[in-house]
Amino acid sequence: MRRRSNNEGCIYQRSDGRWVVQITLQGKLRQFYFKTNDAAVEHLKELHRQQVIGKNISASDEPFGVYLARWLTETKSSKVRQNTLEDYVAVAQNHILPVLGQKPIGSIDTATIQSLYDGMSAAGKSPQVIRKTHVLLTGVFNSMLPDRIIERNPVGQTDRPKIVKKQKVLFDDEQERIFLETVLRSKSRYKDLALVYWETGCRISEILGLKWSCVGADFINIENARVQVAGGMADNDPKTAGSRRKVYLSPECITLINKQPKNTAYVFTTADGKPIRQRNWRRQWDQWLITAFGIDETKSKYIKVKDKDVLKYPVPAVSITPHSTRHMQAVKLFQSGWTVADVQQRGGWESPKVLQEIYAKHSSEDRQKRMAAAARIETTVKTTVNQENATG
């Protein structure tokens, strides 16, 4: 009888009728149980095949949740921003771990991932949330490939719901006038912040992170960003390498900056010198919108208090995000004759793609307005000529 070689494994039947595959994997004796001899034989063949391709079989038996937690804390924590890491952790805790956390890594295939996405979609999760989940899973499974924990990434062949890109809603000229008048009349400490934010077209994190050391006679240097993280605010580098830039401002805007108290390193702070939280800034922005345009009764939420409906979550009738001012600033610069490259440099845009879309839309609207004006003139001329012919 031929002597078995090392790690070849064997199959035998127990007294209870079950068949056992016994094999040494990564130095540890492992046993697998089956109801039939054929199933045991097939499994042993699969183990041999995986050994030939170098798959890390022991590691593939590790619970996915354990690996994911280790990957987030040991690998991603040093490579991404704090707020990005917190987003990853939230996605993992809320959507991934409840479904995949206890499953062995090797048992997760494309059908398993697809089932997760389908379940999220059926539960009403937005395509954006499913996309975030997909990005996180793609990253964690890709990290397993170099160590042969898996043969291929099971995420690649899945179907995700398409994200319908929403068109940015911007103020028209009249809305802009009303909103700015509302801001100017307010007594909010955020008023000067809003006006500087409006003129610069910078990201709000860049304005909140603006330090006195970066303020010049007629410009500001964007070198820091202040973002909201769990438990407070934190300094970060600007969003991209191209976001580090010099932004020239009007004398009026520099005056607004210089009138701020100089009791901390930051230009814009709360009354007691603490960092301004982005969520508080957004609340103030929405309050200005409500003051200027009223509320949307169909979207606002009321609660019952002593048999009375009390407005709990008001939604502005004109709902335009603060970030839209970056797009508005770009449109105004295009109207002034700036090129896409110049606008990209001033705003610290990572890619010209978004700006090209804004420019194309702005150019198209301008052409349509000119065509409409020409049509009105042509109609007026024809009407006048016809009237003259009729009376002549």
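Structure first, text after, so check above.
Only a predicted model underlies this, so the values are computations on that prediction, with no experimental measurement involved.

Let's talk about helix 11 (residues 278-293)
- Helix length check: helix 11 (16 residues) gives 22 Å between terminal C-alpha atoms against 22 Å at 1.5 Å per residue, within 8%.
- On the buried face of helix 11, the contacting elements are helix 7 (173-185), helix 8 (191-200), helix 9 (204-208) and helix 12 (324-335).
- Following helix 11 by one or two positions, Gly294 has its phi on the positive side, about 85 degrees.

Examining the side chain of Ser188
- Of note, Ser188 is situated in the loop between helix 7 and helix 8.
- Classification of Ser188 as buried rests on a relative accessible area of 18%.
- A polar atom in the side chain of Ser188 sits 3.0 Å from the backbone nitrogen of Tyr190.
- At a separation of 3.1 Å, a polar atom in the side chain of Ser188 contacts the side chain of Gln284.
- Beyond its immediate sequence surroundings of up to four residues, Ser188 is in contact with Gln284 and Trp288.

Comments concerning the nonpolar core
- Judged by nonpolar contacts, the single largest core of 39 residues is most densely connected at Phe171, Phe179, Leu193, Ile220, Ile257, Phe268 and Trp281.
- Elements with a minimum of two residues in this core: helix 7, helix 8, helix 9, strand 4 (219-222), helix 10 (251-258) and helix 11.
- When residues no more than four places from it in sequence are discounted, the contact partners of Phe171 are Glu176, Phe179, Trp198, Trp285, Leu289, Phe293, Val318, Ile320 and Met328.
- Counting residues in hydrophobic clusters, the runner-up holds 26 residues, among them Leu72, Ile96, Ile105 and Tyr117.

Comments concerning helix 7
- For helix 7, with 13 residues, the first-to-last C-alpha span of 19 Å sits near the 18 Å given by 1.5 Å per residue.
- Residues of helix 7 that are buried: Glu176, Phe179, Thr182 and Val183. All buried residues of helix 7 project into a common sector of 130 degrees when viewed along the axis, lining one side. Exposed and facing more than 90 degrees away from the buried side of helix 7 are Asp173, Leu184 and Arg185.
- Structurally, helix 7 contributes buried residues whose contacts are with helix 8, helix 11 and helix 12.
- For helix 7, the capping residue at the N-terminal end is Asp172, with a side-chain oxygen 3.2 Å from the backbone nitrogen of Glu174.

Brief notes about the pattern of salt bridges
- Summed over the entire model, instances satisfying the criterion amount to 13 salt bridges.
- Between Glu42 and Lys45 there is a salt bridge, and its shortest N-O distance comes to 4.0 Å. One end of the pair is Glu42 and the other is Lys45, both in helix 1 (residues 37-53) and three residues apart, which spans about a single turn.
- Notably, a salt bridge pairs Asp286 with Arg282, separated by 3.2 Å at the nearest N-O pair. Of the two residues, Asp286 and Arg282 both sit in helix 11, four residues apart, roughly one turn of that helix.
- We classify Asp286 as partly exposed; its relative accessible area is 22%.
- One salt-bridge network, in which partners are shared between bridges, spans Arg14, Asp16 and Arg18.

Some details on the packing of aromatic side chains
- According to the stated counting rule, one finds twelve aromatic pairs in the structure shown.
- Between the aromatic rings of Trp198 and Trp285, the centroid separation amounts to 6.3 Å while the plane-to-plane angle is 25 degrees, which identifies the pairing as stacked. Taken as a pair, Trp198 in helix 8 and Trp285 in helix 11 lie far apart in primary sequence, 87 residues in all. Just as Trp198 is buried, Trp285 falls in that class too.
- Joined through ring pairs, the aromatic side chains of Phe171, Phe179, Tyr197, Trp198, Trp281, Trp285, Trp288 and Phe293 make up one cluster.
- Here the basic side chain of Arg226 rests over the ring of Tyr266, its NZ or CZ set 4.4 Å away from the ring centre.
- Over the aromatic face of Phe219 sits the side chain of Lys246, whose NZ or CZ is 4.3 Å from the ring centroid.

Examining empty space enclosed by the protein
- Under the defined criterion, the tally for this structure stands at three cavities of 30 Å³ or more.
- What lines the largest cavity is Thr200, Gly201, Arg326, Gln329, Ala330, Leu333, Val343, Arg346, Gly347 and Trp349.
- Among the elements of the structure, helix 12 and helix 13 (340-347) are those that each provide at least two residues to the lining of the largest cavity.
- Tallying contributions element by element places helix 12 first for the lining of the largest cavity, with four residues.
- Grouping the amino acids of the lining of the largest cavity by side-chain chemistry returns four nonpolar, four polar and two charged.

Procedures and definitions
- Residues numbered from 1 in each chain as written.
- Predicted model: local features only at pLDDT ≥ 70, side-chain atom pairs only at ≥ 80, totals over all residues.
- Heavy atoms only, no water.
- Helix = DSSP H or I, 4+ residues; strand = E, 2+ residues; numbered from the N terminus.
- Expected span 1.5 Å × (residues − 1).
- Contact = heavy atoms within 4.5 Å.
- Buried < 20%, exposed > 50% of the residue type's maximum accessible area, 1.4 Å probe, protein only.
- Polar contact = N/O pair within 3.5 Å; in protein donor to acceptor, adjacent residues only side chain to side chain.
- Core = buried A, V, L, I, M, F, W, Y, C linked by side-chain atoms within 4.5 Å.
- Arc of directions from axis to C-beta.
- Salt bridge = Lys/Arg side-chain N within 4 Å of Asp/Glu carboxyl O.
- Phe/Tyr/Trp six-rings, centres within 6.5 Å; stacked < 30°, edge-to-face > 60°.
- Lys NZ or Arg CZ within 6 Å of the ring centre and 35° of its normal.
- 1 Å grid on protein atoms, 1.4 Å probe; cavity = no way out; pocket = protein on both sides within 12 Å on 5 of 7 lines; lining within 4 Å.
- Points joined across faces, edges and corners; volume = space filled by probe spheres on them.
- Nonpolar A, V, L, I, M, F, W, Y, C, P; charged D, E, K, R; others polar.

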